[in-house]
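Below are the chains, spelled out letter by letter.
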Amino acid sequence: METDATIEDLDAPTGAPTNDRVAEGPKKVFVKTYGCQMNVYDSQRMSDALAADGYSSTEKIEDADLILLNTCHIREKAAEKVYSELGRLRQMKNERALQGREMLVGVTGCVAQAEGSEILRRAPAVDLVVGPQTYHRLPDVVKKARSGRRIVETEYAIEDKFEHLPQPKRAELARRGVTAFLTVQEGCDKFCTFCVVPYTRGSEVSRSVSQIVSEAERLAEAGVREVTLLGQNVNAWHGEGPDGTEWGLGRLLFRLAEIPGIARLRYTTSHPRDMDDDLIAAHRDLRVLMPYLHLPVQSGSDRILKAMNRQHKAADYLRLLDRIRQARPDIALSGDFIVGFPGESDADFEDTMRLVEEVQYASAYSFKYSPRPGTPGAEMSDHVPEDIKDDRLQKLQALLTRQQNEFAASLVGKTFETLIEKPGRKAGQVVGRSPWLQPVIVDESAGKIGDIVSVRITRLGTNSLYGEAVQGH
Ligand code: SAH
Ligand code: SF4
Ligand code: F3S
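Computed from a prediction, not measured in an experiment: that's the story for all the values here.

What counts as what
- Residues numbered from 1 in each chain as written.
- Chains lettered and ligands numbered in written order.
- Predicted model: local features only at pLDDT ≥ 70, side-chain atom pairs only at ≥ 80, totals over all residues.
- Heavy atoms only, no water.
- Near = heavy atom within 4 Å.
- Polar contact = N/O pair within 3.5 Å; in protein donor to acceptor, adjacent residues only side chain to side chain.
- Areas by Shrake-Rupley, 256 points an atom, 1.4 Å probe, with all protein chains shown as cover.
- Helix = DSSP H or I, 4+ residues; strand = E, 2+ residues; numbered from the N terminus.
- Nonpolar A, V, L, I, M, F, W, Y, C, P; charged D, E, K, R; others polar.
- Phe/Tyr/Trp six-rings, centres within 6.5 Å; stacked < 30°, edge-to-face > 60°.
- Buried < 20%, exposed > 50% of the residue type's maximum accessible area, 1.4 Å probe, protein only.
- Lys NZ or Arg CZ within 6 Å of the ring centre and 35° of its normal.
- Axes fitted to C-alpha atoms, helices over the stretch in contact; angles between N-to-C directions.
- Contact = heavy atoms within 4.5 Å.
- Core = buried A, V, L, I, M, F, W, Y, C linked by side-chain atoms within 4.5 Å.
- Salt bridge = Lys/Arg side-chain N within 4 Å of Asp/Glu carboxyl O.
- Expected span 1.5 Å × (residues − 1).
- Pairing = 2+ DSSP bridges.

Undergrad: Would you mind showing me how to read the site of ligand 1 here?
TA: Lining the immediate environment of ligand 1, one finds 16 residues, of which Phe194, Gln232, Gln298, Asp336 and Ser370 sit closest. Side-chain polar atom of Arg75 to an oxygen atom of ligand 1: 3.1 Å apart, as the coordinates give it. Taking Phe194, its main chain carries an N or O atom lying 3.0 Å from a nitrogen atom of ligand 1. Within the complex, 89% of the 540 Å² of free accessible area of ligand 1 lies under protein. Every element with two or more residues in the shell around ligand 1 is listed here: strand E15 (332-339) and strand E16 (363-368). Of the residues that constitute the shell around ligand 1, the class distribution is 6 nonpolar, 5 polar and 5 charged.

Undergrad: I tried to follow the packing of aromatic side chains on my own but got confused; where do I start?
TA: For any pair of aromatic rings, the description consists of the separation of the ring centres together with the inter-plane angle of the planes. If you walk through the whole model with that rule in mind, you get 6 aromatic pairs. Aromatic side chains Phe341 and Tyr369 sit 5.2 Å apart centroid to centroid with 70° between the ring planes, which places their arrangement in the edge-to-face category. Pair noted here: Phe341 is in the loop between E15 and helix H14 (346-359) and Tyr369 is in the loop between E16 and helix H15 (376-379), with a separation of 28 residues, a long-range link. Both residues of the pair, Phe341 and Tyr369, count as buried. Through a chain of ring-to-ring contacts, three or more aromatic side chains come together here, namely Phe194, Phe341 and Tyr369. Across the ring face of Tyr83, the terminal group of Arg122 is positioned such that the distance to the ring centre comes to 3.6 Å. The ring centre of Phe162 lies 4.0 Å from the NZ or CZ of Arg207, which sits over that ring.

Undergrad: Help me understand the site of ligand 2, please; the structure alone is not making it clear to me.
TA: As a structural note, the neighbourhood of ligand 2 is formed by Cys188, Lys190, Phe191, Cys192, Phe194, Cys195, Val197, Pro198, Asn233, His271 and Arg310. Class assignment of the residues belonging to the shell around ligand 2 gives a composition of 7 nonpolar, 2 polar and 2 charged.

Undergrad: It is not clear to me how the packing of helix H11 (residues 277-285) against helix H13 (residues 314-327) should be interpreted in this structure. Could you clarify?
TA: The packing of two helices is summarised by the inter-axis angle and the distance between the axes. At a minimum axis separation of 8 Å, H11 and H13 run at an interaxial angle of 35°. Within the contact between the two elements, H11 uses Asp277, Ile280, His283 and Arg284 and H13 uses Leu320, Arg323, Ile324 and Ala327. In terms of residue class, the contact of H11 with H13 is made up of 4 nonpolar, 1 polar and 3 charged.

Undergrad: Even after reading the chapter, I still don't get the nonpolar core, so can you show me in this structure?
TA: One broad rule of soluble globular proteins: the nonpolar side chains tend to lie buried together. Within the largest apolar cluster, 58 residues are counted, with the highest numbers of intra-cluster contacts made by Leu229, Leu253, Tyr267 and Tyr361. For this core, the element with the most residues is H13, which contributes 7 residues. Setting aside residues no more than four positions away along its own chain, Leu229 makes contact with Leu182, Val184, Val234, Leu249, Leu252, Leu253, Leu256, Arg266, Tyr267 and Thr268. Ranked by size, the runner-up nonpolar core spans 23 residues in total, among them Ile67, Tyr83, Leu89 and Val126.

Undergrad: Help me understand the pattern of salt bridges in this model?
TA: Should their charged atoms come close, side chains of opposite charge can pair. Enumeration over the complete set of coordinates arrives at 42 salt bridges. The salt bridge involving Arg255 is made with Glu217; its shortest N-O contact spans 3.9 Å. Taken together, the residues span a long stretch of sequence, with Arg255 in helix H10 (residues 249-257) and Glu217 in helix H9 (residues 209-221) at a distance of 38 residues. Classification of Arg255 by relative accessible area gives partly exposed; the value is 22%. Between Glu226 and Arg264 there is a salt bridge whose closest N-O contact spans 3.3 Å. Remark: Arg264 occurs in strand E13 (residues 264-268) and Glu226 occurs in strand E10 (residues 226-230); sequence separation between them is 38 residues. Accessibility assignment for this pair places Glu226 and Arg264 in one class, buried.

Undergrad: Could you clarify how one ought to interpret H13 in this entry?
TA: Three- or four-residue spacings in an α-helix give side chains the same orientation, since the helix completes a turn every 3.6 residues. Given a rise of 1.5 Å per residue, 14 residues ought to cover 20 Å, and the 20 Å separating the end C-alpha atoms of H13 matches this to within 8%. Elements that come into contact with the buried residues of H13 comprise H11, strand E14 (292-294), helix H12 (302-307), E15 and H14.

Undergrad: Teacher, can you tell me more about the sheet that holds E16 here?
TA: Strand pairing in a sheet relies on backbone hydrogen bonds, with the paired strands running either antiparallel or parallel. An order of E14-E15-E16 is seen for the 3 strands of this open sheet, with the pairing classed as parallel. Looking along the sheet, the strands with just one partner apiece sit at the ends: E14 and E16. Each neighbouring strand pair of the sheet contributes to a mean axis angle of 10°, computed without reference to strand direction.

Undergrad: Whenever I open this one, the pairing of strand E18 (residues 429-433) confuses me. Can you help?
TA: Within a regular strand, side chains alternate between the sheet's two faces. For strand E17 (residues 415-423) and E18, the ladder comprises 4 bridges, and the chain directions are antiparallel. Of the residues in E18, the one forming a bridge with Lys422 is Val431. Connecting the antiparallel pair E17 and E18 is a turn made up of 5 residues, with Gly428 showing a positive phi of about 85°. As judged from the 5 bridges shared by E18 and strand E19 (residues 439-443), these two strands associate in the antiparallel manner. Within E19, the residue paired with Arg433 across the bridge is Pro439. The hairpin formed by E18 and E19 contains 5 residues between the paired strands, and Leu437 there has a positive phi angle of roughly 75°.

Undergrad: Is there a simple way to explain unusual backbone geometry in this structure?
TA: Backbone phi values are negative for most residues with the exception of glycine, while trans is the configuration of most peptide bonds. The amide bond that connects Thr268 to the next residue, Thr269, takes the cis arrangement and shows omega of 0°. Inspection of the secondary structure assignment puts Thr269 in the loop between E13 and H11. Of note in the backbone geometry, Phe191 takes a positive phi value of approximately 50° without being a glycine. On the secondary structure map, Phe191 appears in the loop between strand E8 (185-186) and helix H8 (197-200). Phi at Leu437 takes a positive value of approximately 75°, unusual for a residue other than glycine. Within the secondary structure, Leu437 sits in the loop between E18 and E19. Assessed through its relative accessible area of 34%, Leu437 is described here as partly exposed.

Structure (structure tokens):
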């Protein structure tokens, strides 16, 4: 959908008020996050960088002097959402201008990286565009934008952005809760033929062991109990350990498990090609590594897997799952699927359904193939008609939903550890999280936020489980 964008001179100021029109008092930033957990983490780090520069965060858009849309480019719908939001913001900005109030609009994230100055052309409300590799320069870009310039900053920075991003204050970390994300790896060298990530996030980069350990220690000191390590290809993470040898994700998990206070570890998203022996051993030997693994396969057809450049066959994936399940029998699986990739026949789709039947997922995400500009998939012939994609998606989702419900039902009557995360919606209740990421609702007498308590599941809620604390389990 085209929005009300007009073509205009990129150098022309857009009516952003200069400093002398700016109201007194501290500035506020509102960040709206689209897409994956990586963007959630990045939004926090951007807020941290701006906080160091005098911007406090607000959850109310009407209070904000700076509005950032941290965007996702993975499917067409995700990218287009941004332009409709920018249309709304243009109106808001015009109203603000009449009141003489500053309002800067920035686009960050994967659409920023993919489209750069095109965004300024399509969306007149936008003052700044900053790609994921340059977030440490954000305060500087904002300063320039406040003086009325429109800025695009999408070069891959030579300096390590993580070295330059300020760490949040302990109180701020504590405010964010008892679970946290920690990006350990960014970018992707796999070039699946449907995917924009290698273009929007660049090539694979791993953060150093020391950076990761010190960030995890800070989180633990602020009361965080559960850390989820993030990467577009998180199990491709590697780095030099303090012993001088090359570490993979498995070794890193063992190291992080030693940090006092850290009671739970997770990682996402991993690629089947990078599940090595050490990582499987971590699932066997590390109790703090949660028995839940998101391991996307995308398709059950070898022909389609090849066309997608996934670099493995369906049988390789199933064999890998056997090994992981042998190592950790209570592990539950989650996956991602694409239906309607170019050339996908009914028989190919049936292969996917068969694979899902065989695996039995505890949860999964499934999508209709969306051709993305610049990817090889978009150039392929034999695109699948939309109504067939719809039909396949519906069938696949029905099967996956059934499996998800069966998995949840299998937990009724079972007892397991639950991390109490936040107050419940109803008074007297608190919400915890199961090892498999489901919300677990219990009476507040079960424990306080941050406690890990044994809970016996009594019944199913719509998207949650109800349980009661079990003493001395
Ligand atoms: N790195 C992860 C995936 C990141 S993208 C991996 O390799 O599995 C998250 C999910 O979005 C993918 O797993 C895929 O299922 C889906 N996806 C990516 N590109 C897509 C496209 N062009 N159309 C539809 N779904 C897509
Ligand atoms: Fe995209 Fe494939 Fe890389 Fe995952 S592994 S981010 S799907 S290119
Ligand atoms: Fe989207 Fe970028 Fe994440 S394209 S899924 S926000 S890496």
